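# Report on the structure
Letter by letter, the chains look like this.
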Amino acid sequence: KQRIIMSHFTYLKTSFKNLLHLENALTKLEIPYKREKKVIDANNSKLYNVNLVISQSNNYDITFNWNGEEYELVLDASFWIQPYPVESFINKVAQQYASDVIIAESQKIGFQPIKSQQHLDGSNTITLQRWSSTSSLV
């Protein structure tokens, strides 16, 4: 007898548009992933998207797939074996992604993070500072 397993992939829209911030978020959450290059033009192998793949031991991997606008989360919910529900997973990644964006953009205009605190309700507070560089002429 051959066993047939039906797989139903779910495509979840996200607001993740920057690969570096998404990779930083996954790294900070200690979620191992690998980069996967996906050629988008069969005639030109130099044109490709980079997707992020989170391997699962059951071989039903989770993918952040670039759709031209954002990284959508592609998964089969019936084979989800992460330590928390899909919604919690997305929320954790989104929160870490947002923190990474805030810090990176703030650093561009001279701010430095000095403190990051996670609260009991799951929210985070990031404290930034910027020193005024006033120089006096003699």
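Below, the structure is looked at part by part. Since the model is a prediction, treat every value here as computed from it, not as a measurement. (Residues numbered from 1 in each chain as written. Predicted model: local features only at pLDDT ≥ 70, side-chain atom pairs only at ≥ 80, totals over all residues. Heavy atoms only, no water.)

### Let's talk about the sheet that holds strand 3 (residues 48–54)
With antiparallel pairing, 5 strands are arranged side by side in an open sheet as 1-5-4-3-2. Edge strands, defined here as strands with exactly one partner in the open sheet, are strand 1 (10–12) and strand 2 (34–39). Direction aside, neighbouring strands of the sheet carry axes that sit 30° apart on average. Here strand 2 runs beside strand 3; their pairing, made up of 6 bridges, is antiparallel. Pairing of Lys34 across the sheet is with Val53, part of strand 3. Along the sheet, helix 1 (residues 19–28) contacts strand 2, strand 3, strand 4 (62–66) and strand 5 (71–75); its crossing angle with strand 3, the most-contacted strand, is approximately 10°. Contacting strand 1, strand 3, strand 4 and strand 5, helix 2 (residues 86–108) runs over the sheet at an angle of about 155° to strand 5. (Pairing = 2+ DSSP bridges. Helix = DSSP H or I, 4+ residues; strand = E, 2+ residues; numbered from the N terminus. Axes fitted to C-alpha atoms, helices over the stretch in contact; angles between N-to-C directions. Contact = heavy atoms within 4.5 Å.)

### Structural notes on unusual backbone geometry
Most peptide bonds adopt trans geometry, and most residues besides glycine take a negative phi value. One non-glycine residue with positive phi stands out, namely Glu30, at about 60°. Examined against the element boundaries, Glu30 turns out to sit in the loop between helix 1 and strand 2. The backbone phi angle of Asn59 is positive, close to 70°, even though this residue is not glycine. For Asn59, the position within the fold is in the loop between strand 3 and strand 4.

### Here we look at the nonpolar core
Ranked by size, the top nonpolar core spans 19 residues in total, and within it Phe16, Leu22, Leu26, Ile54, Phe64, Phe89 and Val93 carry the most contacts. At the level of secondary structure, the elements contributing two or more residues to this core comprise helix 1, strand 3, strand 4, strand 5 and helix 2. Here Ile54 is in contact with Leu26, Ile31, Pro32, Tyr33, Asp61, Ile62, Phe64, Gln82 and Phe89, once residues within four sequence places are set aside. (Core = buried A, V, L, I, M, F, W, Y, C linked by side-chain atoms within 4.5 Å. Buried < 20%, exposed > 50% of the residue type's maximum accessible area, 1.4 Å probe, protein only.)

### Thoughts on the packing of aromatic side chains
Aromatic ring pairs are described here by two measures, namely the spacing of the ring centres and the angle between the planes. Scanning the entire structure with this criterion turns up 7 aromatic pairs. With 4.8 Å between their ring centres and 50° between their planes, Phe16 and Tyr97 make a pair best called tilted. A residue pair is termed long-range when its members are at least 10 positions apart, and Phe16 in the loop between strand 1 and helix 1 and Tyr97 in helix 2 qualify at 81 residues. Taken as a pair, Phe16 and Tyr97 share a single burial class, namely buried. (Phe/Tyr/Trp six-rings, centres within 6.5 Å; stacked < 30°, edge-to-face > 60°.)

### Description of helix 2
In this model, helix 2 (23 residues) spans 33 Å end to end at C-alpha, consistent with the 33 Å of a helix rising 1.5 Å per residue. By the burial criterion, the buried members of helix 2 are Val86, Phe89, Val93, Gln96, Tyr97, Ser99, Asp100 and Ser106. Close packing links the buried residues of helix 2 with strand 1, helix 1, strand 3, strand 4, strand 5 and strand 7 (124–129). Of the residues trailing helix 2, Gly110 is marked for its positive phi of about 95°. (Expected span 1.5 Å × (residues − 1).)

### A word on the pattern of salt bridges
Scanning the model with the defined rule gives 5 salt bridges in all. For Arg35, the salt bridge identified is with Glu23, shortest N-O distance 2.7 Å. Highlighted residues: Arg35 in strand 2 and Glu23 in helix 1, separated in sequence by 12 residues. Judged by relative accessible area, which is 52%, Arg35 ranks as exposed. The shortest N-O distance in the salt bridge between Lys28 and Asp100 comes to 3.1 Å. (Salt bridge = Lys/Arg side-chain N within 4 Å of Asp/Glu carboxyl O.)

### Considerations on the environment of Glu70
Among the secondary structure elements, Glu70 is positioned in the loop between strand 4 and strand 5. Residue Glu70 is classed as buried on the basis of its relative accessible area of 5%. Once the C-alpha coordinates of Glu70 and Ser15 are considered, the two residues, 55 residues apart in sequence, prove to be 6.3 Å apart. For Glu70, the residues in contact, after removing those within four places along its chain, are Lys13, Thr14, Ser15, Phe16, Lys17 and Asn65. At a separation of 3.1 Å, a polar atom in the side chain of Glu70 contacts the side chain of Lys13. (Polar contact = N/O pair within 3.5 Å; in protein donor to acceptor, adjacent residues only side chain to side chain.)

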